[in-house]
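# A structural walkthrough
Listed below, chain by chain, are the residues.
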Amino acid sequence: DTGVSQNPRHKITKRGQNVTFRCDPISEHNRLYWYRQTLGQGPEFLTYFQNEAQLEKSRLLSDRFSAERPKGSFSTLEIQRTEQGDSAMYLCASSLDRARGGNTEAFFGQGTRLTVV
Amino acid sequence: KQEVTQIPAALSVPEGENLVLNCSFTDSAIYNLQWFRQDPGKGLTSLLLIQSSQREQTSGRLNASLDKSSGRSTLYIAASQPGDSATYLCAVKIAAGNKLTFGGGTRVLVKP
């Protein structure tokens with residue numbers, strides 16, 4: 001168990017460019033979540049997956065955002081045509097359902113810090 | 001809509017003092033509540049998970065209580081140390097597979 005891994009840790013991009021982040025959850029975890037956190041605030045939910053199925057998307061997730069978890073393992077979050085307001089920490093979490101022997105405790109990665117200039 | 005509030009937003013105590021951090025939520029129909037620690041620029045570290053059927057959880061110097069009827073949880077940290085300085089976040093889940101709803105956090109500074 002190596003924990004939740006996120007890459008890259010930091011990303012600086014110019015406004016209008018596309019960026020993609022990757023999250024590798026704890027290996028047996030079936031749920032994967034994406035959150036966004038701005039300075040001084042608690043994380044806000046963006047979207048989550050059960051295995052490969054995307055089950056819920058927040059209203060925060062505009063059309064410029066897309067997330068995938070193609071084989072129910074790692075996930076990617078892409079932001080197209082980035083704006084300065086997208087600057088934030090993007091956090092990934094994973095958990096294991098009780099039906100699979102877990103307790104639904106969420107474990108977070110170290111996050112990807114995005115700066116749009 | 002579930003809302004989670006943490007007061008105060010910041011707290012400063014001398015080393016050795018016990019810390020009491022508060023978390024309140026508006027909808028008592030929760031599935032579980034989780035406390036996290038976050039160091040500056042880092043991700044979240046899970047401290048304690050309290051299931052809806054539980055009243056408290058303990059881990060070392062940490063103890064968290066849950067009172068669903070009043071919509072409150074309290075995190076106690078005994079004999080604080082400078083290394084406890086961090087932001088503490090609470091979050092609630094309303095269903096098994098559902099998202100976490102976070103409070104804004106309490107930023108703690110423990111002075112040597």
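This structure is a prediction, so every number in the text was calculated from the model and none was measured. (Residues numbered from 1 in each chain as written. Chains lettered and ligands numbered in written order. Predicted model: local features only at pLDDT ≥ 70, side-chain atom pairs only at ≥ 80, totals over all residues. Heavy atoms only, no water.)

## Thoughts on the pairing of strand β9 (residues 88–95) of chain A
Residue and element names in this part refer to chain A. Quick note on the threshold: Only protein chains enter the area calculation, which uses a 1.4 Å probe; residues under 20% of their type maximum are buried, those over 50% are exposed, and those in between are partly exposed. What counts as a helix is a DSSP run of H or I of at least four residues, what counts as a strand is a run of E of at least two, and both are numbered from the N terminus. Here the rule is simple: two strands pair whenever DSSP picks up at least two bridges between them.
The buried fraction of β9 is high, at eight of eight residues. Side chains Ala88, Tyr90, Cys92 and Ser94 of β9 all project onto a buried face; the interleaved residues Met89, Leu91, Ala93 and Ser95 project onto the opposite face, where all are buried too. Relative to β9, strand β4 (residues 31–37) runs antiparallel, the two sharing seven bridges. Residue pairing in the sheet places Trp34 in a bridge with Cys92 of β9. Where β9 lies against strand β10 (residues 107–108), two bridges are found, and the strand directions are antiparallel. Residue pairing for β10: Ser94 is matched across the bridge by Phe107.

## Quick word on the sheet that holds strand β3 (residues 19–25) of chain B
Residues and elements named next belong to chain B. Strand order in the open sheet formed by five strands is β1-β3-β8-β7-β6, with antiparallel pairing between adjacent strands. Taken across any chain shown, the strands that pair with only one partner, and hence form the sheet edges, are β1 (4–5) and β6 (56–59). As defined by bridge partners, β1 adjoins β3 across two bridges and the pair is classed as antiparallel. Looking at the pairing, Val4 lines up with Phe25 of β3.

## What to know about the interface of chain B and chain A
Test applied: Any two residues having at least one pair of non-hydrogen atoms within 4.5 Å are treated as being in contact. Summed over both partners, buried area is the accessible surface (1.4 Å probe) that two parts give up on being assembled. For this analysis, a salt bridge means a side-chain nitrogen from Lys or Arg found within 4 Å of a carboxyl oxygen belonging to Asp or Glu. Two N or O atoms form a polar contact when they lie within 3.5 Å of each other; inside protein one atom must be a possible hydrogen donor and the other a possible acceptor, and for residues adjacent in sequence the pair counts only when both atoms belong to side chains.
Across the boundary between the two partners, chain B contributes 22 residues, which contact 22 residues of chain A. For the pair chain B and chain A, the summed buried area comes to about 1,800 Å², and 47% of that belongs to carbon and sulfur atoms. The largest per-residue losses of area from chain B upon contact with chain A belong to B:Leu44, B:Gly97 and B:Lys99, which jointly make up 26% of the total buried on that side. Applying the counting criterion to the chain B and chain A interface returns one salt bridge. Linking chain B with chain A are 10 residue pairs in polar contact (both at pLDDT 80 or more).

## Examining the state of the cysteines
In plain terms, the rule: Note that a disulfide, as used here, is simply two cysteine sulfur atoms within 2.5 Å.
One pass over the full model with this rule turns up two disulfides over all chains. Between the sulfur atoms of A:Cys23 and its disulfide partner A:Cys92 the distance amounts to 1.9 Å. Here A:Cys23 and A:Cys92 share a disulfide; its torsion about the S-S bond, -70°, makes the bridge left-handed. One end of the pair, A:Cys23, is in strand β3 (residues 19–24); the other, A:Cys92, is in strand β9, with 69 residues separating them in the sequence. Here the two residues A:Cys23 and A:Cys92 agree in accessibility, since each one is buried. Residue pairing for B:Cys23: its cysteine sulfur links by disulfide to B:Cys90, the two sulfurs lying 1.9 Å apart. A torsion of 75° about the S-S bond marks the disulfide between B:Cys23 and B:Cys90 as right-handed. Remark: B:Cys90 occurs in strand β9 (residues 86–93) and B:Cys23 occurs in strand β3; sequence separation between them is 67 residues. Each member of the pair, B:Cys23 as well as B:Cys90, carries the same accessibility label: buried.

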